[in-house]
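Geometric and topological summary
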Amino acid sequence: KYNLFHRQFGLFLSKCKILTKQSCRQVSHEQKQQIKKVIPFLDMINTRRDQARKSILVQVQSTESFKELHSYCNSLGTVNQTFHYTTGAEQMNFIIIEFTRESNVTSVINNSLHLNKDQGFPVHSNFLWFKASNRKSRLKLHNCQLNKENGNKIPTSSEIREFLQTKNDISEQIEGLYNLTKLNEVATRLRFLTTRQIELSVAGMFPHAIAYPFGSSVNGFGKMGCDLDIVFQLTSECLAKEDSRLVFHCKAINSYERSVTQRHMEVMGDLLQLFLPGCTQIRKILQARVPIIKYYQQFTDVECDLSMSNMSGVFMSDLLYVFGLIDSRVRPLVFVVRKWAQEVGITNNSPGRWLSNFSLTLLVLAFLQKIGTSPLVLPSINTILKQSGTGYNSVSENESSFIQNIALSQYRSSNTDSLEKLLKQFFNFYSSFDFTTKAINLNEAITITKPEYNALYIVNPLERGLNVSKNVSQEELEKFKYELRNASWSLESQEKENSNWGILDILQTKKKVATNYFNFPKQERLMEVSKLFDEEKEKKSNYSKTSSENA
Ligand code: GTP
Ligand code: MG
């Protein structure tokens, strides 16, 4: 009797253990969704801009100067937070100082000096350096600590590899890659300080001008070291009441909008070049569809693309940001796909006839909508806009275009697939996707027949008559498909004992491809590509025939 009881009790206990484990797993997935505080995109942007307005960037000789600097700044205002990082080949030391009030920054700037004319043009800005004191400092330790780690450090490839090797499974690796490489607090603050510098440069004439960061720096898909896309709007809401009797004198605008923008961009380019500290390598690309100025801000270590045309990039970032909030698997999955694409050479930092990171992100999101997974992980864009009461019929230029009401509970998916499963499904899904006749439409979460022949067709969610991936050539699409199959095959046929297990294998595919593909003699390689090309040409001509017959 005792033995029977003992065995049954043991059985009962182990069942309890299994149930507890299961419920813990479920709770943790659901809790992840619930605990996350939902901050709408515009609120996040405004909070960050507010931090930047209250902050200055100070170059110091070494972290030893921190106590003195802290004490000096505290004599001019109240220091709230500090962050340290180093940059450049000489490992210049910088400290971000955030005060409690914006007026403290004004006070600091008013109390700062220009050494002499030889030191450069006497510009006032939020970027400063701390002069060493002649007197020996007798400062006692304040109640302040500086993290002496470089807060803006980009993990190296070998650090990433070593980190991923310690993980237990592919899902953990994907999550780990995301956590290790995503933009951190310091890098985010540096991007907002960089946009603040642009606003301050014209603050005298345009006190309400706003430089909005957009793209991966703010949409939740940014990794350490990513570029900063900025759209600079000179005009913004006037605070005065309509019945004000005094009206500003202004210069007339008498050319086409595009040429006005180009002229303004030219002036901004000159301002950056001549006056703004830290702005280097300025390149004006004014004839492009969207005129931009590229530059490198060496103090914040950020590559910037400055534009002055419309806000569609910002609204697009808002949409992507919301997609990332809806399900905690979205961002890690996009990260691993983007990293894979970079490693195998499907994407490239410079724009061209290859896939952009933006198009690739949309492909992942479309896959997570109805078209790739069952049950769906993400809703359609139309559903999000309808349920949040946002009208995106056309891109408008006011704040009502931002998504404000995000009730995440409405979108909770019953799909509980692991990240590993989703990644494998992603590769399989697009390996056999009919790119020849189908276009991807995220607004309705469906595939549609291509309205016109481009190798890859992704309907622009904000301007639906346009194709986001019009730039992608047939050859690059073939490369993409080839790599999809390669990655799918790698993940399915892995041996656990291999040190390059899991995503490590597909993240070094360059080497693998080298054995599979690029190491072929050139002639064979060309034959392989031209075979794929011929197949695709045939499909294309069949497609044109059927569409003209249908027409
Ligand atoms: P990385 O800079 O590569 O990290 O990613 P990103 O998302 O910032 O891409 P990129 O800098 O190329 O573009 C910045 C933003 O501009 C994107 O996130 C989109 O919001 C927008 N964008 C880029 N390409 C297009 C396009 O072809 N059409 C539209 N409508 N928007 C685009
Ligand atoms: Mg970008």
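Our structure's up above, just so we're on the same page.
Anyway, here's the lowdown on the structure attached to this text. (Residues numbered from 1 in each chain as written. Chains lettered and ligands numbered in written order. Predicted model: local features only at pLDDT ≥ 70, side-chain atom pairs only at ≥ 80, totals over all residues. Heavy atoms only, no water.)

Let us now look at the site of ligand 1. Looking at ligand 1, there are 14 residues lining it, with S216, D227, R338, N357 and N460 nearest. Between an oxygen atom of ligand 1 and a side-chain N or O atom of D229, the distance comes to 3.0 Å. In the model, an oxygen atom of ligand 1 is placed 2.8 Å from a nitrogen or oxygen of the N357 side chain. With the chains in place, 76% of the 600 Å² that ligand 1 exposes on its own is no longer accessible. Counting only elements with at least two residues in the shell around ligand 1, the list comes to α9 (312-326) and α11 (357-368). (Near = heavy atom within 4 Å. Polar contact = N/O pair within 3.5 Å; in protein donor to acceptor, adjacent residues only side chain to side chain. Areas by Shrake-Rupley, 256 points an atom, 1.4 Å probe, with all protein chains shown as cover. Helix = DSSP H or I, 4+ residues; strand = E, 2+ residues; numbered from the N terminus.)

Summed over all chains, the structure comprises 21 aromatic pairs. Each ring, one from F127 and one from F299, has its centre 6.1 Å from the other, and the planes form 65 degrees; the classification is edge-to-face. Taken together, the residues span a long stretch of sequence, with F127 in strand β4 (residues 127-129) and F299 in the loop between β8 (292-297) and β9 (302-307) at a distance of 172 residues. For the pair shown, F127 and F299 are each scored as buried. Plain terms: the ring middles of F435 and F480 are 6.2 Å apart, the flat faces sit at 65 degrees to each other, and that makes the pair edge-to-face. (Phe/Tyr/Trp six-rings, centres within 6.5 Å; stacked < 30°, edge-to-face > 60°. Buried < 20%, exposed > 50% of the residue type's maximum accessible area, 1.4 Å probe, protein only.)

Looking now at the coordination of the magnesium ion (ligand 2). Protein coordination at the magnesium ion (ligand 2): the donors are D227 (OD) and D229 (OD), at 2.2 Å from the metal. We classify D229 as buried; its relative accessible area is 14%. (Donors = N, O, S within 2.8 Å, 3.2 Å for Na, K, Ca; no water.)

Let's shift gears to the sheet that holds strand β3 (residues 92-99). With mixed pairing, four strands are arranged side by side in an open sheet as β2-β3-β1-β4. Because the sheet does not close on itself, it has two edges, and the strands there are β2 (79-87) and β4. Averaged over neighbouring strand pairs, the angle between their axes works out to 25 degrees when direction is ignored. Bridge analysis of strand β1 (residues 55-60) against β4 gives three bridges, and the strand direction is parallel. Bridged to Q59 within β4 is W129. (Pairing = 2+ DSSP bridges. Axes fitted to C-alpha atoms, helices over the stretch in contact; angles between N-to-C directions.)

So, on to the pairing of β9. The side chains of a regular strand alternate, first on one face of the sheet and then on the other. Counted residue by residue, β9 has five buried out of six residues, so it is predominantly covered. Inspection of the sheet shows strand β6 (residues 228-233) paired to β9 by four bridges, in the parallel sense. Among the inter-strand pairings, D229 is bridged to a residue of β9, identified as D305. Sheet analysis places β8 next to β9, joined by six bridges and oriented antiparallel. The residue of β9 that forms the bridge with Y296 is E303.

Another point: helix α7 (residues 185-201). Under the 1.5 Å per step criterion, the end-to-end length of α7 is 25 Å for 17 residues, consistent within 8% with the ideal 24 Å. With respect to burial, α7 is a largely interior element, 14 of its 17 residues being buried. (Expected span 1.5 Å × (residues − 1).)

Backbone hydrogen bonds are what pair the strands of a sheet, in a parallel or an antiparallel way. Ordered by their spatial adjacency, five strands build an open sheet running β5-β6-β9-β8-β7, and the pairing between neighbours is mixed. Two strands in the sheet have a free side with no partner beyond their single neighbour: β5 (210-214) and β7 (279-285). In this sheet, neighbouring strand axes are inclined to one another by 25 degrees on average, regardless of whether the strands run parallel or antiparallel. Summarising the sheet, β7 and β8 pair through five bridges and their orientation is antiparallel. Looking at β8, one finds that K284 is bridged to I293. Relative to the sheet, α7 contacts β5, β6, β7, β8 and β9, its axis offset from that of β6 by approximately 30 degrees. (Contact = heavy atoms within 4.5 Å.)

As a further point, take the pattern of salt bridges. Counted by the stated rule, this structure contains 21 salt bridges. In this structure, K284 and D270 form a salt bridge, with 2.8 Å as the shortest nitrogen-oxygen distance. With a gap of 14 residues between them, K284 in strand β7 and D270 in helix α8 (residues 257-274) connect regions that are remote in the sequence. Here E478 makes a salt bridge to K481, at a shortest N to O gap of 3.7 Å. Of the two residues, E478 and K481 both sit in helix α14 (residues 474-492), three residues apart, roughly one turn of that helix. The burial state of E478 is the same as that of K481; both residues are buried. Sharing partners across several salt bridges, the network here consists of R49, D50, R53, K54, E102, R196 and E199. (Salt bridge = Lys/Arg side-chain N within 4 Å of Asp/Glu carboxyl O.)

Core analysis: the biggest nonpolar cluster contains 84 residues, and W340, L423, Y430, F480 and I503 have the highest contact counts within it. For this core, the leading source of residues is α9, giving ten residues. Setting aside residues up to four positions removed in sequence, Y430 forms contacts with L363, A366, F367, I371, F435, I440 and L484. Within the second largest apolar cluster, 22 residues are counted, among which are A211, F232, M265 and L286. (Core = buried A, V, L, I, M, F, W, Y, C linked by side-chain atoms within 4.5 Å.)

Attention now moves to unusual backbone geometry. Positioned with a positive phi, D301 is a non-glycine residue whose angle comes to about 60 degrees. Here A445, not a glycine, exhibits a phi torsion of approximately 55 degrees, which is positive. The topology assignment puts A445 in the loop between β10 (438-441) and β11 (446-449).

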